[in-house]
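# Fold and contact review
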Amino acid sequence: MPTFYHAPHSRSTAILTLVHELGDPADLDIVRVGIRRGDGSGAPDPRNPHPEGKVPFIADGDDMIRERAAIIAWLTERYPSDLAPLAGQTGRGPFLSWLAWYAGVMEPVAILDYFGIENDGLKETFRDLPTAIRQVEAALKDRSYLLGDSYTAADLLIAGAFAFFRQMIPGTGPIEAWVGRCQDRDSVRRAAAEDAEWMERMSSPAA
Ligand SMILES: N[C@@H](CCC(=O)N[C@@H](CS)C(=O)NCC(=O)O)C(=O)O
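Conventions used here
- Residues numbered from 1 in each chain as written.
- Predicted model: local features only at pLDDT ≥ 70, side-chain atom pairs only at ≥ 80, totals over all residues.
- Axes fitted to C-alpha atoms, helices over the stretch in contact; angles between N-to-C directions.
- Helix = DSSP H or I, 4+ residues; strand = E, 2+ residues; numbered from the N terminus.
- Parallel < 35°, antiparallel > 145°, perpendicular 65-115°, else oblique.
- Left-handed = near helix turned anticlockwise from the far one by under 90°.
- Contact = placed C-beta atoms within 7 Å.
- Nonpolar A, V, L, I, M, F, W, Y, C, P; charged D, E, K, R; others polar.
- Near = placed C-beta within 6 Å.
- Pairing = 2+ DSSP bridges.
- Right-handed = clockwise from strand over helix to strand, strands pointing away.

For the pair helix α1 (residues 12–21) and helix α8 (residues 186–203), interaxial distance at closest approach is 8 Å and the crossing angle is 130 degrees. For the element pair α1 / α8, the angle class is oblique. Read as a crossing pair, α1 and α8 show a hand that is right-handed. Residues Thr13, Leu16, Thr17, His20 and Glu21 of α1 pack against Ser187, Val188, Arg190, Ala191, Glu194 and Asp195 of α8. Each residue belonging to the contact of α1 with α8 can be placed in one class, and the counts come to 3 nonpolar, 4 polar and 4 charged.

See below:
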């Protein structure tokens, strides 16, 4: 049975949201673990087999899957749905490309921008945040979602990042409405409520 290691209020919340979108597969176990947080609180959890103590992480027997982009590809293959085109289906290339582009380009430039880091070599390699945002705007120019008329797990990942870093959302153009559509889903509300409940339980004296 695969096990998904999740820390509430972290990058793994996107994966919890996806698990809900996939109908909460009965054979997928969810284990909530602690992590070291950016503010210095918390610590790696000995129950989490991730080699760096990070989340999200999936263990499936001897198979180990780390990184959201890979985990999204793995989960959507294992539990087929209309959230992702599979190999041989229309849209497979763009779907994988968005996942890899997010992990390899967009998140790095968003983090560099957040910390105010500018460097010619980095810019030459990754471009910059305005360029990344323009890629998303261009994709949404004549469609509701990144791949077309239907929401996919690529929207879940990338719109989720805009919802987290709201300052990245341009004042004009299609991104704001798209982020709103992608966040206005039961899966997002459920994941947020479960995370809040778990955090509350952990901070109560009886925990
Ligand atoms: N690139 C990874 C990032 C994973 C990551 O950094 N997760 C953070 C939580 S938001 C973490 O586990 N931090 C714990 C630590 O740094 O020890 C992904 O997208 O899955």
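As a further point, take the site of the ligand. Neighbouring residues of the ligand: Ser10, Arg11, Ile35, Arg36, Pro44, Gly53, Lys54, Val55, Pro56, Glu67 and Arg68. Among the residues making up the shell around the ligand, the classes are represented as 4 nonpolar, 2 polar and 5 charged.

Before going further, it helps to spend a moment on the pairing of strand β1 (residues 3–6). Across 4 bridges, β1 lies against strand β2 (residues 29–32) in parallel orientation. Bridge pairing in β2 places Phe4 opposite Ile30. Between the parallel pair β1 and β2, the chain is carried across by α1, and the sense of this crossover is right-handed.

Moving on to the environment of Ile169. With respect to the secondary-structure elements, Ile169 resides in the loop between α6 (153–164) and α7 (175–183). It is 20 Å that separates the C-alpha atoms of Ile169 and Gly104, two residues lying 65 residues apart in sequence. Once residues lying within four places of it in the same chain are set aside, the contact partners of Ile169 are Phe162, Ile175, Glu176 and Val179.

Pairing of β1 with strand β3 (residues 57–60), which is carried by 3 bridges, proceeds in the antiparallel orientation. Looking at β3, one finds that Phe4 is bridged to Ile58. One ladder, built from 4 bridges, connects β3 with strand β4 (residues 63–66); its direction is antiparallel. The residue of β4 that forms the bridge with Ile58 is Ile65. What sits between the antiparallel neighbours β3 and β4 is a turn of 2 residues, in which Gly61 has the positive phi angle 60 degrees.

Okay, the packing of helix α2 (residues 68–78) against helix α3 (residues 92–114) next. Any two packed helices are characterised by the angle at which their axes cross and by the distance between the axes. It is at 9 Å that the axes of α2 and α3 come closest, and there the two elements cross at 160 degrees. As far as their axial angle goes, α3 and α2 are roughly antiparallel. Across from Arg68, Ala69, Ile72 and Ala73 in α2, the residues of α3 making contact are Leu96, Leu99, Ala100, Tyr102 and Ala103. When the residues that make up the contact of α2 with α3 are grouped by side-chain class, the tally is 8 nonpolar, no polar and 1 charged.

The quantities given are spatial measurements derived from coordinates; they are silent on function.
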